[in-house]
Amino acid sequence: MTERDRRARRAWFEGRLTPLLDRLYGTALRLTRHPDDAEDIVAEAVARAWRNLDELRDPERFEAWLFHILTNVFISEWRRRRSHPQHATEAETPAPDELDGADFTLFQQLHQPFLLWWGSLEEQFFNSLLEQDLQRALDDLPEPFRVVMVLVELRGHRYAEVARLLDIPLGTVRSRLNRARGLLQKALWEQARDAGILSPGPAAEASGTKGESP
Amino acid sequence: MNPRELSCEEVIARLFDYLDRELDDRQAAEIEHHLSRCRDCFSRSEFEKRLRARLADSAGQPAPPRLQRRIRRLLDGFDEA
Ligand SMILES: [Zn+2]
C-alpha cells in the first residue's frame, strides 16, 4: 500500500468512526456502567475494526459491523471476568427482591381513558423524562437483565441473536427481557413520583397499581 | 384470508414480540388488525413505542477527549507498524 493509500484509508475510517463515537461510548457505558471499562472496550473494538477492515465487505454496513464488534468485545470481557471470582460482583441469578415489580407497567399508572384538556399524565411523564432518568433506571437493573435490554432495545438485536451471543436459551432471553422492562418502568415511575412530577390524579388511583407495594 | 380476531389479553401478551419484530407476517397482521380497531391496545402500543424511542435516544454519551486521543494514538501506532 502506498503512503497515499494508507492516508486515504485512515481518513475514510476516521470519517466513519467519528460520528459514531458518542453512541459507541454511550452503549459501552450502559453495558459496563464504568467509564474506564467503557473506554477500554471502545478502544479495543476500534482496534479490532481497524485491524480487520478488509473483512468489511459492504462499506454501508460499517456501523452495524462496528457495533457488532463492540458487543463481542464486551461479551468476551464479561465472560473472562466471570471466570475470575474476585471480579464477579454480580450473580447470574438475581435475588428474589430484585424481581419485585417485574410485571409493573407504567402505562397502567399513567393512562387515562379519555383526554383531559389540560393534558394527560402520560404527557407530563414524557415531557419531564430526562436522558439521565433513563440512563439511571437502566444502570440500576441487575446485570443479566441490563445486558439483554441493551442488546434488544438499544442495539435492535433479535432474540435469537442475543441467545447466541450470550449463550443462553431463547426462553431466558424472553423472561429476562420481560423482567427488565417491568423493573425499568417501575424505576422510572418511582423516579418521577419522587421528583413530584406526577401529581397523582383520580385516574391513576383508579387504574391498577399491580406490582407496586403500598 | 381474514386475520384471526385476537382478544386484548392476547395482544398485550404479544405486544413486545410484535414491537421487537419477532412475529411472523401472519401474526403481526393479527396484531395490527386488532390495534387498528381497539383504542386501549393502540394507546398501550403507542406508549411503549414512545418509551423505547426515548430509551434508544438516550444511548449516546459524549466520548471523553481522553478516549478520542487514545483512539488517535492507537491508529497512529498501527500506521507505523
Ligand atoms: Zn384491545
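Residues numbered from 1 in each chain as written. Chains lettered and ligands numbered in written order. Predicted model: local features only at pLDDT ≥ 70, side-chain atom pairs only at ≥ 80, totals over all residues. Heavy atoms only, no water.

Some details on the overall build of chain B
Line of reasoning, step 1. Helix and strand counts for chain B stand at four helices and zero strands.
Line of reasoning, step 2. Put simply, chain B runs from its N terminus to its C terminus through helices and strands in the order α-α-α-α.
Line of reasoning, step 3. Computed over C-alpha atoms, the radius of gyration of chain B comes to 22 Å, more than 25% over the 12 Å expected from 2.2 N^0.38 for 81 residues, which places it beyond the range of a compact globule.
Line of reasoning, step 4. If you line up chain B on its principal axes, its C-alpha atoms span 65 × 25 × 15 Å.
Line of reasoning, step 5. For chain B, the proportion of its 81 residues judged to be buried stands at 42%.
Line of reasoning, step 6. Taking all contacts inside chain B whose residues are at least 6 apart in sequence as the whole, residues at least 24 apart take part in 61%.
Line of reasoning, step 7. When the accessible surface of chain B is summed, it comes to about 4,900 Å², and 48% of that surface belongs to carbon and sulfur atoms.
Line of reasoning, step 8. In chain B, 16 positive and 17 negative side-chain charges are present, and the distance between their average locations comes to 8 Å. (Helix = DSSP H or I, 4+ residues; strand = E, 2+ residues; numbered from the N terminus. Rg over C-alpha atoms; globule rule 2.2 N^0.38 Å. Buried < 20%, exposed > 50% of the residue type's maximum accessible area, 1.4 Å probe, protein only. Contact = heavy atoms within 4.5 Å. Areas by Shrake-Rupley, 256 points an atom, 1.4 Å probe, with all protein chains shown as cover. Lys, Arg positive; Asp, Glu negative; His and termini not counted. Charge placed at Lys NZ, Arg CZ, Asp CG, Glu CD.)

Looking at the coordination of the zinc ion
Geometry reference: four tetrahedral donors at a metal, ideal angle 109.5 degrees. Six octahedral donors, ideal angles 90 or 180 degrees.
All names here are of chain B.
Line of reasoning, step 1. The coordination sphere of the zinc ion, as far as protein atoms go, consists of Cys8 (SG), His34 (NE2), Cys38 (SG) and Cys41 (SG), spread over 2.0 to 2.4 Å.
Line of reasoning, step 2. Geometry at the zinc ion is tetrahedral, judged from its four donor atoms and the angles of 104 to 112° they form at the metal.
Line of reasoning, step 3. Summarised as a motif, the one-chain spacing of the donors to the zinc ion is C-x25-H-x3-C-x2-C. Within this pair, whereas Cys8 is found in helix H1 (residues 8-19), its partner His34 is found in helix H2 (residues 25-35), the two being separated by 26 residues in sequence. (Donors = N, O, S within 2.8 Å, 3.2 Å for Na, K, Ca; no water. Tetrahedral: all angles 85-135°; square planar, octahedral: opposite > 155°, others 65-115°.)

Side note on helix H9 (residues 159-166) of chain A
Since the α-helix advances by 3.6 residues per turn, residues separated by three or four positions end up pointing in the same direction.
Residues and elements named next belong to chain A.
Line of reasoning, step 1. Among the residues of H9, those classed as buried are Tyr159, Val162, Ala163, Leu165 and Leu166. Taken end-on, H9 shows its buried residues confined to a sector of 165°, consistent with a single buried face. H9 presents Ala160 and Arg164 as exposed residues on the side facing more than 90 degrees away from its buried surface.
Line of reasoning, step 2. Once H9 finishes, Asp167 follows within two positions and takes phi at roughly 60°, a positive value. (Arc of directions from axis to C-beta.)

Here we look at the domain arrangement of chain A
All names here are of chain A.
Line of reasoning, step 1. Domain boundaries in chain A define domain 1 (3-82) and domain 2 (96-209).
Line of reasoning, step 2. Domain 1 puts 15 residues into the contact, and the matching count from domain 2 is 15 residues.
Line of reasoning, step 3. For the pairing of domain 1 and domain 2, the buried interface totals around 1,400 Å² over both sides, and the portion due to carbon and sulfur atoms is 57%.
Line of reasoning, step 4. Three residues, Arg30, Arg33 and Trp78, lead the burial of domain 1 against domain 2; their summed loss comes to 43% of the area buried on that side.
Line of reasoning, step 5. Viewed at the interface, domain 2 and domain 1 are joined by one salt bridge.
Line of reasoning, step 6. Taking the shortest distance from any N to any O, the salt bridge between Asp139 and Arg30 comes out at 2.9 Å.
Line of reasoning, step 7. Summed over the shared surface of domain 1 and domain 2, the number is six residue pairs in polar contact (both at pLDDT 80 or more). (Domains from an automatic or database assignment. Buried area = accessible area lost by both parts, 1.4 Å probe. Salt bridge = Lys/Arg side-chain N within 4 Å of Asp/Glu carboxyl O. Polar contact = N/O pair within 3.5 Å; in protein donor to acceptor, adjacent residues only side chain to side chain.)

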